[in-house]
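Structural description and commentary
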Amino acid sequence: MASIFTKIINGDIPCYKVAEDDDHIAFLDINPNAKGHTLCVPKKEVDKIWDMDKEAYLNLMDFSYKVATAIESSVPCERVGMTVIGLEVPHVHVHLIPLSSMKNATFQHKVSLEKTEFEDVAKRIGEHLK
């Protein structure tokens, strides 16, 4: 069965897309720890990050680096944190989280955003990638 991320990649479920290349997609987390919380996902469905081959892993990290620098340029924060957990969705994904305090790094603290806020931040991050 296809993961929710594969359904997003295939266009079956909408998302607030930030970036995309042939092998990856980045979109805003709809239950974010902070405004600008972005997920970088390989298009090939792999359950665990350590199941990826080294080349795919390094390509995902390169893609994530580009997205993280765009987030840092467009979202007010002290830094952009990165984490890979993978318990909720069985499809590799990197969390890029704008951090202003340690509470942004915990998955206990969530922020609520309106549709227009998601659209605005996705657009701003995407503009810094071009």
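Structure report, in brief. None of the values given here were measured: they were computed from a predicted structure. (Residues numbered from 1 in each chain as written. Predicted model: local features only at pLDDT ≥ 70, side-chain atom pairs only at ≥ 80, totals over all residues. Heavy atoms only, no water.)

1. Quick notes on the overall build of the protein chain
Going by this rule: Counting from the N terminus, the helices are DSSP H or I runs at least four residues long and the strands are E runs at least two residues long. Our radius of gyration looks at C-alpha atoms and nothing else; its globule reference is 2.2 Å times the residue count to the power 0.38. For every residue, the accessible area obtained with a 1.4 Å probe (protein chains only) is divided by the maximum for its type, and the residue is called buried under 20%, exposed over 50%, and partly exposed between those limits. The contact criterion used throughout is that any non-hydrogen atoms of two residues lie within 4.5 Å. Here the accessible surface of atoms and residues is derived via Shrake-Rupley with a 1.4 Å probe, and residues count as covered only by protein chains that are part of the display.
Within the protein chain, the regular secondary structure consists of three helices and five strands. Element order for the protein chain, N to C, with α for helix and β for strand: α-β-β-β-α-β-β-α. For the protein chain, whose C-alpha radius of gyration is 14 Å, the value lies close to the compact-globule estimate of 14 Å for 130 residues. Considering only C-alpha atoms, the protein chain reaches an extent of 35 × 30 × 30 Å along its principal axes. A buried classification covers 42% of the 130 residues belonging to the protein chain. Taking as baseline every contact in the protein chain between residues at least 6 positions apart, the subset at least 24 positions apart corresponds to 59%. Accessible surface for the protein chain amounts to roughly 7600 Å². Of this, 52% is attributable to carbon and sulfur atoms.

2. Describing the layout of surface pockets
Formally: Cavities and pockets were defined on a 1 Å grid built from protein atoms only: a cavity is a group of points that admits a 1.4 Å probe but offers it no way out, a pocket is an open group of points flanked by protein on both sides within 12 Å along at least five of seven lines, and a lining residue is one with an atom within 4 Å of any such point. Grid points are joined across faces, edges and corners, and a volume is the space filled by probe spheres set on the points. Asp, Glu, Lys and Arg are counted as charged, while Ala, Val, Leu, Ile, Met, Phe, Trp, Tyr, Cys and Pro are counted as nonpolar; the rest, among them Gly, fall into the polar class.
For the largest pocket, the calculated volume is near 340 Å³. Taken together, 19 residues make up the lining of the largest pocket; nearest its centre are Phe5, Asp29, Ile30, Asn31 and Leu39. Elements represented by at least two residues in the lining of the largest pocket include exactly α1 (4–9) and β2 (24–28). With three residues, the single largest contributor to the lining of the largest pocket is α1. Taken as a whole, the second largest pocket holds about 220 Å³ of empty space. Every residue lining the second largest pocket is listed: Asp23, His24, Pro42, Lys43, Lys44, Val46, Asp51, Met52, Asp53, Glu55, Ala56 and Asn59. For the lining of the second largest pocket, the leading source of residues is helix α2 (residues 54–74), giving three residues. Residues that form the lining of the second largest pocket fall into these classes: four nonpolar, two polar and six charged.

3. A look at helix α3 (residues 115–127)
Note the cut-off: Expected helix span is computed as 1.5 Å times (number of residues minus one). Think of the arc as the fan of directions from the helix axis to the C-beta atoms.
Along its 13 residues, α3 runs 18 Å from first to last C-alpha, staying within 8% of the 18 Å computed at 1.5 Å per residue. When we look at burial in α3, the residues that qualify are Phe118, Val121, Ala122, Ile125 and Gly126. Buried residues in α3, looked at end-on, bunch into an arc of 135 degrees, giving them a common side. Residues of α3 that are exposed and point over 90 degrees away from its buried face: Thr116 and Lys123.

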